[in-house]
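Overview (structure and organization)
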Amino acid sequence: MNTPSLVPPARIGFIGLGQMGLPMARSLARTGYRIAVHDVRREALERACDAIGAEAPGSLRAIGERCDAVITMLPDGNAVQAVALGSGNGGDSLLAGLQAGAILIDMSSSSPVGTRELGAQLAGRGVAMLDAPVSGGIKKAVEASLSIMVGGDAASIARCMPLLEAMGKQIFLTGPLGSGHAMKALNNYVSAAGLAAAAEAVLAGQRFGLDPVNVVNILNASTGMNNSTLNKFHQYILSRAFNSGFSLDLMVKDLKTALEVASASGSPAPFGEACVQAWCDAQAALGPGVDHTAVVRYWEKLAGTELGRKA
């Protein structure tokens, strides 16, 4: 069966218009795709319609009926399942409208185990699924230069490659369905471990008498450099802004998913377990809704020292 690539002006559904979702949808619209949107927040829908000329059909079923492909960019896999299958939405669902041959592309950071379960349910109705989580944050979402990790069957990936390339600069094929979500969780584990290690090092340096700004600069010129020292410490931590746009709650969720991947594969992860526990302790101490870079405040509390403040 001939299944042409999804190129403009194909109509694409986009579910979830937060800090990442809206600029990603804008990139698709800028490329020439027609966008149909849905979000539980009316203000987010209105903003998308005004900013990118999207249409808002008013129900998940209507989006499924109108679109050959639907992208989800939601907080977790449970939200994706609810949107796809209708639980918690008064029976409204994408699956009620999606036609055989349509594709659901989950770009959220979801559980790979749950993704494979959902993919099997959709396949029973003739709907394909890809998992395509992203890395790069708000800045790269705005620039359409995200890194995208794609899992799924080769034919569906080929069909969707044009729209993925409209949002991302680097597209990595990771394997079968669920592998993209596994890779994203493992990536965020390594990122979180690097941030925690840097926080401990910079705090220890300051308490020893070093200038924390200088500590970060030297790390960035040396082998201790990582993504957090390069892109987070000066920008969000030493500045006390703590506004990178990615929450502590979501980071903890991704860390737990990474441990789930390790457990499912029988891979020992003692350092991962310690890292997850430290971030969970920070989450409990700092409360909900804070930026993930604010995790440093937890280490500051343990040390009795605020970075950049003289004793």
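Everything numeric in this text was worked out from a predicted model, so none of it was measured.

**Considering the overall build of the protein**
Broken down by element type, the protein carries 14 helices and 8 strands. The C-alpha extent of the protein, read off along each of the three principal axes, is 65 × 45 × 35 Å. For the protein, the residues scored as buried account for 50% of the 311 residues in total. Considering only intrachain contacts with a sequence separation of at least 6, the fraction spanning at least 24 residues in the protein is 66%. Carbon and sulfur atoms provide 55% of the accessible area of the protein, an area that totals close to 14,000 Å². Each charge sign in the protein was given a centre, from 25 positive and 25 negative side chains, and these centres are 4 Å apart.

**Let's talk about the nonpolar core**
Counting residues in hydrophobic clusters, the biggest one holds 38 residues, and the most contacted among them are F14, M24, L28, I105, M107, L163 and M167. Elements that contribute at least two residues to this core include exactly β1 (11-15), α1 (21-31), β2 (34-38), α2 (42-52), β3 (69-72), β4 (103-106), β7 (146-151) and α7 (154-165). Considering every element that reaches this core, the biggest residue donor is α7, with 5 residues. When sequence neighbours within four positions are dropped, the list of residues in contact with F14 reads G21, M24, A25, L28, I35, A36, V37, H38, I71, M73 and M167. If you look at the next biggest cluster of nonpolar residues, it comprises 34 residues, including L195, A258, A294 and V295.

**Observations regarding the pattern of salt bridges**
Per the counting criterion, the structure on display carries 8 salt bridges. Among the salt bridges present, the one from R240 reaches E306, with a minimum N-O distance of 4.0 Å. On the criterion of sequence distance, the pair formed by R240 in the loop between α11 (233-237) and α12 (248-264) and E306 in the segment after α14 (295-303) is long-range, its members being 66 residues apart. Since its relative accessible area comes to 29%, E306 is described here as partly exposed. A salt bridge links D254 to K253; the nearest nitrogen and oxygen atoms lie 3.0 Å apart. On the basis of relative accessible area, D254 is assigned to the buried category, the value being 2%. Salt bridges sharing partners connect three or more residues here, namely R11, E55 and R66.

**Quick word on helix α13 (residues 270-286)**
The terminal C-alpha atoms of α13, which comprises 17 residues, lie 24 Å apart, in line with the 24 Å expected from a rise of 1.5 Å per residue. Elements in contact with the buried residues of α13: α8 (179-208), α12 and α14. Residue G287 follows α13 closely and has a positive phi angle near 85 degrees.

**Section: helix α4 (residues 77-85)**
Looking only at α4, the buried set comprises G77, V80, A82, V83 and A84. Where α4 is buried, its residues touch β1, α3 (60-66), β3, β4 and α5 (112-123). Looking at where α4 begins, the residue whose side-chain oxygen comes 3.1 Å from the main-chain nitrogen of N78 is D76. Of the residues flanking the end of α4, it is G86, one or two places downstream, whose phi is positive at about 105 degrees.

**As for the packing of aromatic side chains**
A complete count under the given rule lists 1 aromatic pair for this structure. The interplanar angle of 80 degrees and the centroid separation of 5.7 Å between the aromatic rings of Y298 and W299 together place this pair among those described as edge-to-face. Across this residue pair, the class does not change: Y298 and W299 are buried.

Parameters and conventions
- Residues numbered from 1 in each chain as written.
- Predicted model: local features only at pLDDT ≥ 70, side-chain atom pairs only at ≥ 80, totals over all residues.
- Heavy atoms only, no water.
- Helix = DSSP H or I, 4+ residues; strand = E, 2+ residues; numbered from the N terminus.
- Buried < 20%, exposed > 50% of the residue type's maximum accessible area, 1.4 Å probe, protein only.
- Contact = heavy atoms within 4.5 Å.
- Areas by Shrake-Rupley, 256 points an atom, 1.4 Å probe, with all protein chains shown as cover.
- Lys, Arg positive; Asp, Glu negative; His and termini not counted.
- Charge placed at Lys NZ, Arg CZ, Asp CG, Glu CD.
- Core = buried A, V, L, I, M, F, W, Y, C linked by side-chain atoms within 4.5 Å.
- Salt bridge = Lys/Arg side-chain N within 4 Å of Asp/Glu carboxyl O.
- Expected span 1.5 Å × (residues − 1).
- Polar contact = N/O pair within 3.5 Å; in protein donor to acceptor, adjacent residues only side chain to side chain.
- Phe/Tyr/Trp six-rings, centres within 6.5 Å; stacked < 30°, edge-to-face > 60°.

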